[in-house]
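Each chain, letter by letter, is given below.
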Amino acid sequence: MSASTSTPNLAVAITTTGPASRHVPQFKTERLLCRPLVEEDWPEYHKMLQEEQTMINAGVGPMLFPRAARAYFNDQRQDWASVGIFARKWDDDVAEGEFIGTGGVYWSKDRLPEVCYVLKQKFWGKGRATEFLNGFLEVWWNMPHITIDMCVETKFLDAEERGVVPERLTAPIKVDRDDSQNVVKKAGFSDRGEVTIYDEKYILFRLFSPK
Ligand SMILES: CC(C)(COP(=O)(O)OP(=O)(O)OC[C@H]1O[C@@H](n2cnc3c(N)ncnc32)[C@H](O)[C@@H]1OP(=O)(O)O)[C@@H](O)C(=O)NCCC(=O)NCCS
C-alpha cells in the first residue's frame with residue numbers, strides 16, 4: 001500500500017504508546033559508546049555541522065553560522081531523544097572517546113517518532129551507523145513506555161488506521177539515499193511506500209514495537 005496522499009495536511013487524532021521520557025540512557029556496542037550529549041561535546045559537534053556533504057545528506061545543509069549551529073545543538077539536546085556516538089576503543093581510524101556522530105529519535109507531539117543518525121564523513125562505510133541503530137533500538141524498546149495522544153498526518157498511517165494504533169518508529173528517507181535506506185533495512189524496518197514531505201519524495205520506512 002502506498003503512503004502517498006494528495007491531502008498531506010490532513011491530520012487525525014491517535015492514541016499510541018511512546019517512551020515516558022526523552023532521556024536515552026548510556027549504552028555500549030562492540031565499537032561505540034553512546035551517551036547523552038553534554039556541553040563539552042559542542043566543539044566536535046559543531047565541526048560535524050560544518051561538514052558540507054554530511055549535512056546535505058542529513059537534509060539540513062552545512063551550518064556555517066555559529067548561532068544557527070548552536071540552536072541546532074540545543075534543540076537536539078532538549079527536544080530529541082538522542083545520544084552522541086563516541087569511539088569505545090582505539091581503532092585504525094579513531095581514538096578512544098573520539099566524537100563520531102549523533103543519533104536517536106526526533107519526536108514531537110504531532111509527528112510519529114522518527115529515527116535519525118548522522119556520522120562525521122570520515123567514519124562512513126565501516127558499518128558504524130548500523131551498529132549504532134541496532135544498539136539504540138534495543139535500548140529504545142526497553143525504556144518505560146506510556147500511553148500518548150497525538151495528532152498525526154494521515155500519510156504516515158495506514159489508510160484504515162484511526163484511534164488506537166500500534167507503536168512504531170518511522171524513518172522517512174529521500175528516495176535517492178540508498179546508503180541511509182540500507183541502514184534502516186538492516187535494522188529490520190520495512191518499506192511502507194513513497195510519501196511527499198514539503199514537495200520532496202521520501203520512502204517511508206517503519207518498524208513496529210516488538211512489545
Ligand atoms: C548514512 C550514514 C549514516 C551511513 O553510515 P555508515 O556507517 O556508512 O552505514 P552502514 O552501517 O550501513 O555501513 C556502510 C557499509 O560499511 C561497510 N563496512 C565496513 N566495515 C564494516 C564492519 N566492520 N561492519 C559492518 N559493515 C562494515 C559495509 O559494506 C556497510 O554496507 P553494507 O552492510 O550495506 O554492505 C552516513 O553516511 C551519514 O552519516 N551520512 C550523513 C547523514 C545522513 O545521511 N544521515 C541519514 C539521514 S538522517
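All values reported here derive from a predicted model rather than from experimental measurement.

**Here we look at the overall build of the protein chain**
In step 1: Along the protein chain, the regular secondary structure elements total 5 helices and 11 strands.
In step 2: At 17 Å, the protein chain has a C-alpha radius of gyration in line with the 17 Å of a compact globule built from 211 residues.
In step 3: The dimensions of the protein chain, computed from C-alpha atoms along their principal axes, are 50 × 35 × 30 Å.
In step 4: For the protein chain, with 211 residues in total, the buried portion stands at 49%.

**Here we look at the pairing of strand E3 (residues 32-35)**
In step 1: As defined by bridge partners, strand E2 (residues 27-28) adjoins E3 across 2 bridges and the pair is classed as antiparallel. By the bridge assignment, Phe-27 is partnered in E3 with Cys-34.
In step 2: A loop of 3 residues connects E2 with E3, the two strands running antiparallel in sequence.

**Concerning helix H4 (residues 128-142)**
In step 1: Here H4 is 15 residues long and its end C-alpha atoms lie 22 Å apart, about the 21 Å a rise of 1.5 Å per residue gives.
In step 2: Counting buried residues along H4, 12 of its 15 residues qualify, which places the element largely inside the surrounding structure.

**Examining the sheet that holds strand E7 (residues 145-153)**
In step 1: Spatially, E7-E1-E8 is the arrangement adopted by the 3 strands of the open sheet, whose pairing is mixed. Of all strands in the sheet, those with a lone pairing partner are E7 and strand E8 (163-164), marking the two edges.

**Considerations on the site of the ligand**
In step 1: In the vicinity of the ligand, 20 residues are found, and the nearest of them are Tyr-117, Leu-119, Gly-125, Thr-130 and Lys-186.
In step 2: The backbone of Asn-57 places a nitrogen or oxygen atom 3.4 Å from an oxygen atom of the ligand.
In step 3: For the ligand, the accessible surface in isolation is 940 Å², of which the surrounding protein chains cover 68%.
In step 4: At the level of elements, helix H2 (52-57), strand E6 (111-119), H4 and helix H5 (178-186) are the ones that each hand at least two residues to the shell around the ligand.
In step 5: Of the residues that constitute the shell around the ligand, the class distribution is 8 nonpolar, 6 polar and 6 charged.

**Section: the nonpolar core**
In step 1: Ranked by internal contacts, the top residues of the largest apolar core, which has 48 residues, are Phe-132, Leu-133, Val-184 and Phe-189.
In step 2: In this view, Val-184 contacts Val-115, Tyr-117, Leu-133, Ala-171, Ile-173, Phe-189 and Phe-205; residues no more than four positions away in its chain are not counted.
In step 3: Residues Leu-37, Met-55, Met-63 and Val-118 belong to the second largest nonpolar core, which totals 12 residues.

**A word on the side chain of Glu-51**
In step 1: Tracing the chain through its elements places Glu-51 in the loop between helix H1 (42-49) and H2.
In step 2: One buried charge, Glu-51, has no salt-bridge partner; the nearest side chain with opposite charge is Lys-120, at 4.9 Å.
In step 3: Excluding anything up to four places from it in sequence, Glu-51 contacts Pro-62, Lys-120 and Gln-121.

Reading the values: the criteria
Residues numbered from 1 in each chain as written. Predicted model: local features only at pLDDT ≥ 70, side-chain atom pairs only at ≥ 80, totals over all residues. Heavy atoms only, no water. Helix = DSSP H or I, 4+ residues; strand = E, 2+ residues; numbered from the N terminus. Rg over C-alpha atoms; globule rule 2.2 N^0.38 Å. Buried < 20%, exposed > 50% of the residue type's maximum accessible area, 1.4 Å probe, protein only. Pairing = 2+ DSSP bridges. Expected span 1.5 Å × (residues − 1). Near = heavy atom within 4 Å. Polar contact = N/O pair within 3.5 Å; in protein donor to acceptor, adjacent residues only side chain to side chain. Areas by Shrake-Rupley, 256 points an atom, 1.4 Å probe, with all protein chains shown as cover. Nonpolar A, V, L, I, M, F, W, Y, C, P; charged D, E, K, R; others polar. Core = buried A, V, L, I, M, F, W, Y, C linked by side-chain atoms within 4.5 Å. Contact = heavy atoms within 4.5 Å. Lys, Arg positive; Asp, Glu negative; His and termini not counted. Salt bridge = Lys/Arg side-chain N within 4 Å of Asp/Glu carboxyl O.

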